Amino acid sequence: MTQSRLPRVRALVLALGFAVATLSPVHARDAANEAGSSVQADIPFEQFTLPNGLRVVVHTDRKAPIVAVNVWYHVGAKNELPGRTGFAHLFEHLMFQSSENHQGEFFTPFELVGATDQNGTTNSDRTNYFQNVPTTALDMALWMESDRMGHFLGAVSQEVLDEQRGVVQNEKRQGENQPYGQVFQRLLKASYPEGHPYSWPVIGSMSDLNAASLEDVQNFFKSWYGPNNAVLVLAGDIDVETAKEKVTRYFGDIPAGPTLAQPKVDPAPRTESTRDEFTDRVPQARIYRAWNIAEYGNVDVERLQLLSQVLGGSRASRLDKRLVHGEKIADRVSASAWGNQLGGMFFISADVKAGVDPAVVEKALDEELRRLVAEGPTESELEQARTTFKAGFIRGIERIGGFGGKADALAECTVYMGDPGCFRESLAAIDAATAADLKAAGQRWLARGDHTIVVTPGERVPTVEDESVAHPDMPAVPPADPKYTTVASDVDRSKGPPVTTEFPDLVFPELKRTQLSNGITLVLAERPGLPVVQMSLQLPGGYVADVGRKLGTASFTMGMLDEGAGKYSALEFGNEAERLGANLGSSAALDGGSAFLSALKENLDESVALFATMLRTPRFDDAEIERVRQGWIATIKQEKARPNSAATRLLPPLLYGKGHPYAIPFSGTGDEASIASLTRDELLAYHRDFVRPEGSTLIVVGDTTLDEIVPVLEKHLGQWKGQGQAPALPAVATVALPQSPRVFLVDQPGAIQANIYVGQLAPSTMDEKATEFEIANSVLGGEFSSRLNMNLREDKHWAYGSYSFVQAAKGQRPWMAFAAVQIDKTAESMAELQREISQYATGEAPATAEEVAKIQASEIRSLPGSYETANAVLGAIGGIVRYNRPDDYVVQRKDKIEALTPEIVNAAAGTIRPGSLTWVVVGDLKQIEEGVRALGLGEVQVIDADGNPVAGK
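Note that the structure is predicted; figures quoted are calculated from it, not measured. (Residues numbered from 1 in each chain as written. Predicted model: local features only at pLDDT ≥ 70, side-chain atom pairs only at ≥ 80, totals over all residues. Heavy atoms only, no water.)

Novice: I would appreciate a short explanation of the overall build of the protein chain in the present structure.
Specialist: A count of helices and strands for the protein chain gives 34 helices and 23 strands. Relative to the 2.2 N^0.38 estimate, which gives 30 Å for 953 residues, the radius of gyration of the protein chain is 27 Å and therefore close to what a compact globule would have. Overall, the C-alpha framework of the protein chain stretches about 80 × 70 × 60 Å when taken along its three principal axes. Within the protein chain, the proportion of its 953 residues that are buried is 63%. Taking the contacts inside the protein chain whose residues are at least 6 apart along the sequence as the reference set, 83% of them involve residues at least 24 apart. In the form shown here, the protein chain has an accessible surface area of approximately 33300 Å², with 51% of it arising from carbon and sulfur atoms. Taking the average location of the 92 positive side-chain charges in the protein chain and that of its 123 negative ones, the two points are 4 Å from each other. (Helix = DSSP H or I, 4+ residues; strand = E, 2+ residues; numbered from the N terminus. Rg over C-alpha atoms; globule rule 2.2 N^0.38 Å. Buried < 20%, exposed > 50% of the residue type's maximum accessible area, 1.4 Å probe, protein only. Contact = heavy atoms within 4.5 Å. Areas by Shrake-Rupley, 256 points an atom, 1.4 Å probe, with all protein chains shown as cover. Lys, Arg positive; Asp, Glu negative; His and termini not counted. Charge placed at Lys NZ, Arg CZ, Asp CG, Glu CD.)

Novice: How should the packing of aromatic side chains be read in this particular structure?
Specialist: For any pair of aromatic rings, the description rests on two quantities: the centre-to-centre distance and the angle between the ring planes. Throughout the structure, instances matching the rule amount to 33 aromatic pairs. On the basis of an interplanar angle of 65 degrees and a centroid distance of 5.5 Å, the ring pair of F96 and Y129 is categorised as edge-to-face. Of this pair, F96 sits in the loop between α3 (87-94) and α4 (107-113) while Y129 sits in strand β5 (residues 127-134), and the two are 33 residues apart along the sequence. Here F96 matches Y129 in class, with each residue buried. Residue placement shows R148 over the ring face of F106; its charged tip is 3.6 Å from the ring centre. Cation over ring: R493 sits above W143, and NZ or CZ is 5.3 Å from the ring centre. (Phe/Tyr/Trp six-rings, centres within 6.5 Å; stacked < 30°, edge-to-face > 60°. Lys NZ or Arg CZ within 6 Å of the ring centre and 35° of its normal.)

Novice: How should the packing of α3 against helix α6 (residues 158-176) be read in this particular structure?
Specialist: Axes are the key here: two packed helices are described by the angle between their axes and the distance separating the axes. Between α3 and α6, the least distance of the axes is 9 Å, while the angle of their chain directions is 115 degrees. The angle between α3 and α6 falls in the class roughly perpendicular. Two packed elements cross with a definite hand, and for α3 against α6 that hand is right-handed. On α6, the residues that touch H89, L90, H93 and L94 of α3 are V160, L161, Q164, R165, V167, V168 and E171. Across the contact of α3 with α6, the residue classes tally to 6 nonpolar, 3 polar and 2 charged. (Axes fitted to C-alpha atoms, helices over the stretch in contact; angles between N-to-C directions. Parallel < 35°, antiparallel > 145°, perpendicular 65-115°, else oblique. Left-handed = near helix turned anticlockwise from the far one by under 90°. Nonpolar A, V, L, I, M, F, W, Y, C, P; charged D, E, K, R; others polar.)

Novice: Sorry, what's going on with the side chain of H660 here?
Specialist: Here H660 lies in the loop between α22 (643-656) and α23 (672-677). Of the residues examined, H660 reaches a relative accessible area of 10% and is grouped as buried. A distance of 3.0 Å separates a polar side-chain atom of H660 from the backbone nitrogen of Y662. Filtering out sequence-adjacent residues up to four positions away, H660 remains in contact with V732, A733 and V735. (Polar contact = N/O pair within 3.5 Å; in protein donor to acceptor, adjacent residues only side chain to side chain.)

Novice: It is not clear to me how the sheet that holds strand β12 (residues 512-515) should be interpreted in this structure. Could you clarify?
Specialist: Adjacent strands of a sheet form backbone hydrogen bonds with each other and so pair up, either parallel or antiparallel. One open sheet holds the 6 strands; their spatial order is β12-β13-β17-β14-β16-β15, and the pairing between them is mixed. Across the chains shown, the open sheet's two edge strands, defined by having one partner strand only, are β12 and β15 (583-589). If you compare each strand with its neighbour and ignore which way they point, the axes differ by 15 degrees on average. Both strand β14 (residues 532-539) and strand β16 (residues 592-600) contribute to a ladder of 8 bridges, which runs antiparallel. Paired with M535 across the bridge in β16 is L597. Here helix α14 (residues 379-396) sits on the sheet in contact with β14, β15 and β16, set at roughly 105 degrees to β16. Sitting on the sheet, helix α25 (residues 706-717) touches β12, β13 (521-526), β14 and β17 (697-702), and the angle it makes with β13 is about 145 degrees. (Pairing = 2+ DSSP bridges.)

Novice: Looking at this structure, how should I read the confidence of the model for the protein chain?
Specialist: Note: predicted coordinates in regions of low pLDDT should not be interpreted at a detailed level. Mean pLDDT over the protein chain: 92, with 95% of residues reaching 70 or higher. When the criterion is pLDDT under 50, residues 1-39 qualifies, and its contacts beyond four places in sequence or with other chains add up to 143 contacts. (pLDDT = per-residue confidence, 0-100.)

Novice: How should I be thinking about the pattern of salt bridges in this particular structure?
Specialist: When the charged atoms of two side chains with opposite charge come close together, those side chains can pair. Tallied over the full model, the rule gives 71 salt bridges. Two residues, R289 and D366, come together in a salt bridge whose shortest N-O distance is 3.8 Å. Residue R289 is found in strand β8 (residues 286-293), and its partner D366 is found in helix α13 (residues 358-375); the two are separated by 77 residues along the sequence. Between E624 and R627 there is a salt bridge whose closest N-O contact spans 2.8 Å. Taken together, the positions of E624 and R627, both in helix α21 (residues 622-641) and 3 residues apart, correspond to about one turn of that helix. (Salt bridge = Lys/Arg side-chain N within 4 Å of Asp/Glu carboxyl O.)

Novice: What am I meant to see in the nonpolar core here?
Specialist: Side chains that are nonpolar tend, in soluble globular proteins, to be buried together. M535, F611 and L698 are the most contacted members of the largest nonpolar core, which has 74 residues in total. If you tally residues by element for this core, the top one is helix α20 (residues 604-616), at 7 residues. Dropping the residues within four chain positions of it, L698 is found in contact with I520, T521, L522, V523, M535, S536, L537, F611, L713 and L717. Listed in part, the 59 residues of the second largest apolar core include V75, A137, V240 and F251. (Core = buried A, V, L, I, M, F, W, Y, C linked by side-chain atoms within 4.5 Å.)

Novice: Would you mind showing me how to read the pairing of strand β20 (residues 799-806) here?
Specialist: Put simply, side chains in a regular strand alternate between the two faces of the sheet. Bridge analysis of β20 against strand β21 (residues 813-822) gives 6 bridges, and the strand direction is antiparallel. Following the sheet pairing, F805 is matched in β21 by M816. Once β20 ends, the chain turns through 6 residues before running back antiparallel as β21.

Novice: Would you mind going over the pairing of strand β11 (residues 451-457) with me for this structure?
Specialist: Buried residues dominate β11, accounting for 5 of its 7 residues. As judged from the 7 bridges shared by strand β7 (residues 274-280) and β11, these two strands associate in the parallel manner. Directly across from E277, in β11, lies its bridge partner V454. Pairing analysis gives 5 bridges linking β8 to β11, with the strands arranged antiparallel. Across the sheet, I287 pairs through a bridge with V454, a residue of β11.

Novice: What exactly am I supposed to notice about the sheet that holds strand β9 (residues 330-338) here?
Specialist: Strand order in the open sheet formed by 5 strands is β7-β11-β8-β10-β9, and the pairing between neighbours is mixed. Two strands close off the open sheet at either side, each with one partner strand: β7 and β9. Going from strand to strand, the sheet's axes swing by 10 degrees on average, the running direction of each strand aside. Sitting on the sheet, α13 touches β7, β8, β10 (344-352) and β11, and the angle it makes with β8 is about 35 degrees. Together, β8, β9 and β10 form the strand contacts of α21, whose direction differs from that of β9 by roughly 75 degrees.

Novice: Explain the state of the cysteines here, please?
Specialist: Covalent bonding between the sulfur atoms of two cysteines is what defines a disulfide. Scanning the entire structure with this criterion turns up 1 disulfide. Between the sulfur atoms of C413 and its disulfide partner C422 the distance amounts to 2.1 Å. Because the torsion about its S-S bond is -80 degrees, the bridge between C413 and C422 counts as left-handed. In this structure, C413 and C422 share a single accessibility class: buried. (Disulfide = S-S within 2.5 Å.)

Novice: Help me out: how do you make sense of unusual backbone geometry in this one?
Specialist: Most peptide bonds adopt trans geometry, and most residues besides glycine take a negative phi value. Even without a glycine there, the phi angle at A268 is positive, about 55 degrees. One can find A268 in the loop between α10 (240-251) and β7. Phi at K328 is positive, roughly 55 degrees, even though this residue is not glycine. Residue position: K328 is located in the loop between α12 (318-326) and β9. A relative accessible area of 30% means that K328 is categorised as partly exposed.

Structure, rendered in structure tokens:
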């Protein structure tokens with residue numbers, strides 16, 4: 001699918017443990033300043049500072065009755081010491097526990113008011129906590145954030161420390177248990193000199209975490225978590241006068257802490273090339289190459305981000321053109337750059353195609369980089385990169401909070417640069433960058449000093465940090481900074497957080513309907529303001545249409561629509577999309593397909609033209625089919641190598657049984673044999689049968705009206721007609737539940753965790769009691785504070801998380817619960833899951849009135865904030881269309897949830913039959929098989945990653 005790779009880059013950066021430094025500002029630069037653009041994008045703000053040093057930034061956005069509360073502490077892994085690592089991330093976890101005046105999970109009051117986008121993150125440079133709350137719950141949110149800032153340490157006991165230390169260690173195991181899971185720790189250690197603040201991972205080492213005492217963590221908190229080392233951003237339905245009154249009241253009496261110096265800027269540029277090669281349980285070789293580059297705020301970071309976009313940031317990039325499309329020696333490539341407080345990184349990765357020597361790929365990477373650095377980009381490449389960032393920023397600033405929203409951008413600039421509006425300078429830097437600037441920046445930072453890691457398939461090597469380290473004493477806590485003062489507060493904290501009694505009403509946009517001349521039903525939800533129009537064409541077909549075809553046909557065909565269409569080759573199509581700043585593509589799901597477009601309003605006509613070309617005249621060129629086929633097969637192998645996706649590939653076929661339309665991996669990717677044999681004629685047949693206007697619905701959400709959009713759609717889609725009669729889809733038969741439980745084990749030698757999945761079939765999404773069952777699931781495992789997570793994570797700390805969910809489907813849908821647990825607690829964890837599920841489903845431990853009320857509150861009160869973005873509205877309308885729901889379904893569902901009682905929820909919980917559960921466990925059988933068999937949960941079989949029985953097992 002053709003789109004910006006920024007989400008992919010962000011995930012990569014988070015994995016490295018670095019700040020996503022200039023991504024938000026980088027997007028912003030173009031939108032505000034691109035020559036000739038009609039769009040002016042900005043984040044207006046006001047700010048003030050309390051006498052205790054707390055900086056507060058306020059952005060007003062009245063589009064929804066919610067406020068984003070975002071607190072950034074200027075402390076991260078860089079503020080730790082060698083041998084004393086992981087403290088900042090450990091505190092991220094600890095601060096979601098009780099504070100001195102609030103007993104219980106930090107999440108609980110927020111769930112009761114319907115908070116959305118709530119989380120916390122830690123990276124090398126900072127720790128942040130954020131949540132979006134209804135405007136009426138702002139007092140509660142500020143009370144909670146201020147209580148953990150100023151009234152926290154008295155609630156941190158040895159028991160709490162031990163509990164969260166165990167959770168963090170399981171988070172660490174979970175990451176390392178994945179394919180390529182050791183790469184980033186090895187990369188940091190090699191890229192920075194010993195003792196450099198970026199030379200250890202954010203999550204720390206097992207040894208350091210085990211050595212941390214209660215006094216150690218208390219002193220770390222006293223040193224870094226005062227108001228004078230924090231920034232609070234309030235964005236949304238708020239103004240600066242209200243913010244001053246409320247923030248002063250809740251935070252003003254918190255004493256300042258010490259003022260500690262931050263480490264000095266030190267990008268640690270390298271002069272020599274180094275490399276690291278090792279084997280791992282991976283399906284294909286992967287190459288990583290990285291350079292240390294400039295720090296956050298240095299104009300070279302913006303220039304190198306543009307350079308990375310040209311090199312490997314999209315389908316139109318040089319690496320994609322040569323390695324993926326041209327020589328076909330790699331399945332995927334990417335390039336990215338980012339700045340952190342002390343220094344940044346330029347990063348390239350490539351998945352080597354099966355049968356290709358990694359050295360061949362390395363040589364090609366090196367040649368393309370050297371050529372780009374020597375010659376610089378062309379003017380068209382530079383302008384295309386600018387447009388990509390512009391479009392990304394415009395879409396990003398729709399969100400007030402959460403990861404990467406407006407509150408994040410303001411907080412980031414305030415913490416790192418002391419100026420909430422520093423993104424404007426980044427905007428200007430991107431707009432002013434010339435090809436010569438990019439060339440010079442590349443020569444300054446990328447001419448030497450790279451570190452290369454090559455991971456090849458084989459046995460997993462021991463983790464690099466399992467070594468004896470010294471644990472120096474923690475430094476003494478400096479005295480508080482005397483220049484700060486406090487103000488008196490009338491808040492009586494003994495009463496606990498303020499109780500929110502009023503909540504904003506749900507407002508869902510009116511759906512306007514009409515029909516195009518060729519019969520396409522059009523559904524429009526107007527969203528004025530952001531100059532973006534999004535659309536999704538809902539189509540029949542989907543995975544169920546694979547019955548009688550080769551497994552994966554639906555997904556593969558839909559995935560090929562943007563790989564060349566009309567007059568555009570695959571590369572030309574990607575270039576055109578990027579020129580327009582458009583995101584478009586298509587995909588298949590269980591019960592249908594969809595094609596989507598997100599267009600800048602200023603380029604709407606041309607973007608819809610490209611969308612229509614993709615739908616009507618995909619080329620399905622043989623060369624592109626073969627290229628995509630090889631990458632697709634590599635994706636299937638990657639799915640089998642990851643323990644969680646290996647389990648979810650296996651469980652649906654086991655639940656539905658051979659021959660059922662849903663008895664397929666729910667990724668939709670199919671299997672290697674079927675994809676290997678797909679022909680162009682088979683793709684053309686699927687396109688003819690299911691990508692057609694007849695019976696389809698086009699959903700449009702954004703800054704447009706029927707009068708504006710209908711002529712554009714008629715111009716480009718109105719004459720489109722399907723060929724012949726659409727075939728009937730196969731009937732989805734009802735499957736009887738198993739008569740007894742079953743347990744399937746999949747061997748993953750050397751695994752340090754076991755991934756446990758358990759499930760059964762439940763009635764359709766369209767069942768009249770579907771909502772009741774969804775709420776019943778939430779009580780058991782649908783929320784952070786639900787039973788499964790509270791048991792395996794917070795009580796036992798055997799897992800980083802444990803949840804349950806129910807998948808949408810027109811036929812019977814799968815209900816699943818899961819947990820990734822430390823390997824030596826596999827059997828014990830399965831026993832706990834079995835007990836929790838059984839006692840709940842049979843009524844031995846029924847849902848309490850309090851549990852049901854909490855889920856009702858969370859579901860209902862979160863609705864006003866749930867539809868903040870056009871994507872959220874688009875998704876809700878998609879469900880209305882797919883499952884034949886009334887236009888006011890969102891309101892009807894709210895009313896149904898309000899009317900629930902514990903008796904109704906407990907009756908729905910009885911849908912789960914403990915005697916019919918199917919278990920899939922992926923782990924090292926040498927360590928877990930004996931214990932699992934001893935549980936007696938059901939017949940135990942050992943199968944391989946394809947679901948075939950393993951001989952002798």
